[in-house]
Amino acid sequence: MELADFEGRWTLTRRIDDARANAPGRFEGEARFTAAPGGLAYVEEGRLTLGTAPPMTATRRYFWRAVPGVVRGEGATGGVIEIDFADGRFFHAFPTDAARPEAEHACAPDHYRVRYDFTAWPAWRAEWRVLGPRKDYRMVSDYRR
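Let us look at the structure shown here. Everything numeric in this text was worked out from a predicted model, so none of it was measured.

## Quick word on the overall build of the protein
No. 1: Within the protein, the secondary structure is distributed over 0 helices and 10 strands.
No. 2: Ordered by position from N to C terminus, the α and β elements of the protein give β-β-β-β-β-β-β-β-β-β.
No. 3: Judged by the C-alpha coordinates and their principal axes, the protein covers about 55 × 30 × 30 Å.
No. 4: Taking all 145 residues of the protein together, the buried fraction comes to 37%.
No. 5: Roughly 8,200 Å² of accessible area belongs to the protein as shown, and the carbon and sulfur atoms make up 52% of that amount.
No. 6: Taking the average place of the 22 positive charges on the side chains of the protein and the average place of its 21 negative ones, the gap between the two points comes to 5 Å.

Here it is in structure tokens:
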């Protein structure tokens, strides 16, 4: 998997299971990865419905960048994709040579864990588990060309 493989438009559907609020959520929209200096700008836009509330427009922005090969035992090489928040703060990173990489983000007092699944590429999934004093949810995002 290389950073350039993500470039373009993706249909995005997301399911949110919030155990604390007992209010399921759903997002339907589009994610775009656009070439930008140093990587890819990520923008998702769509409609978010939480529980019985009326749907609302939702947008997220990140920046994805490739960090070239790192030597890993027996001469194997692999890179890393780093993901930053829109304001430039580091969010998380995952290795490009894994079909199901995992990553974590600590944002005290909450803890975020993501598991990506690229085994059905070009369809792929990001599954987040978020726990904290006020948070307890699972969020599954499916991307398709």
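Moving on from the model shown.
## Observations regarding the pattern of salt bridges
No. 1: Under the counting rule described, the total for this entry stands at 17 salt bridges.
No. 2: Here Arg9 ties to Glu30 by a salt bridge, and the two come within 2.5 Å at their closest N and O atoms. A residue pair is termed long-range when its members are at least 10 positions apart, and Arg9 in strand E1 (residues 8–18) and Glu30 in strand E2 (residues 25–36) qualify at 21 residues.
No. 3: Between Lys135 and Asp110 there is a salt bridge, and its shortest N-O distance comes to 3.4 Å.

## Some words on the pairing of strand E7 (residues 102–107)
No. 1: Two elements, E7 and strand E8 (residues 110–117), share 6 bridges in a ladder whose sense is antiparallel. Within E8, the residue paired with Cys107 across the bridge is Asp110.
No. 2: Hairpin connection, E7 to E8: the antiparallel pair is bridged by 2 residues.

## A word on the packing of aromatic side chains
No. 1: Per the stated rule, a full pass over the model turns up 26 aromatic pairs.
No. 2: Ring geometry for Trp124 and Tyr143: centres 3.9 Å apart, planes at 5 degrees, overall stacked. Pair noted here: Trp124 is in strand E9 (residues 124–131) and Tyr143 is in strand E10 (residues 136–144), with a separation of 19 residues, a long-range link. When sorted by exposure, Trp124 lands in the same class as Tyr143, which is buried.
No. 3: Sitting over the face of the ring of Phe27, Arg14 holds its NZ or CZ atom 5.1 Å from the ring centroid.
No. 4: A cation over a ring is seen here: Arg89 above Phe85, with NZ or CZ 4.4 Å from the ring centre.

## A look at unusual backbone geometry
Leaving glycine out, the prevailing phi sign among residues is negative, and the prevailing peptide bond configuration is trans.
No. 1: With an omega dihedral of 10 degrees, the bond running from Ala108 to Pro109 counts as a cis peptide bond.
No. 2: Of note, Pro109 is situated in the loop between E7 and E8.
No. 3: Geometrically, the link from Trp121 to Pro122 is a cis peptide bond, its omega value of 15 degrees lying close to zero.
No. 4: The residue Pro122 is located in the loop between E8 and E9 in this model.
No. 5: Positioned with a positive phi, Asn22 is a non-glycine residue whose angle comes to about 50 degrees.
No. 6: Following the sequence through the fold, Asn22 ends up in the loop between E1 and E2.

## Notes on the pairing of E2
No. 1: Direction of pairing for E1 relative to E2: antiparallel, over a ladder of 9 bridges. Bridge pairing in E2 links Leu12 to Gly29.
No. 2: Counting the residues that bridge the hairpin from E1 to E2 gives 6 residues, and of these Asn22 lies at a positive phi of roughly 50 degrees.
No. 3: The turn linking E2 back onto strand E3 (residues 39–50) is made up of 2 residues, and Gly38 within it adopts a positive phi angle of 90 degrees.

## A few points about the environment of Gly79
No. 1: Considering the arrangement of structural elements, one finds Gly79 in strand E5 (residues 76–85).
No. 2: Judged by relative accessible area, Gly79 falls into the buried class, the value being 12%.
No. 3: The spatial distance from the C-alpha of Gly79 to the C-alpha of Arg115 is 17 Å, given a sequence separation of 36 residues.

What counts, and where the lines are drawn
Residues numbered from 1 in each chain as written. Predicted model: local features only at pLDDT ≥ 70, side-chain atom pairs only at ≥ 80, totals over all residues. Heavy atoms only, no water. Helix = DSSP H or I, 4+ residues; strand = E, 2+ residues; numbered from the N terminus. Buried < 20%, exposed > 50% of the residue type's maximum accessible area, 1.4 Å probe, protein only. Areas by Shrake-Rupley, 256 points an atom, 1.4 Å probe, with all protein chains shown as cover. Lys, Arg positive; Asp, Glu negative; His and termini not counted. Charge placed at Lys NZ, Arg CZ, Asp CG, Glu CD. Salt bridge = Lys/Arg side-chain N within 4 Å of Asp/Glu carboxyl O. Pairing = 2+ DSSP bridges. Phe/Tyr/Trp six-rings, centres within 6.5 Å; stacked < 30°, edge-to-face > 60°. Lys NZ or Arg CZ within 6 Å of the ring centre and 35° of its normal.

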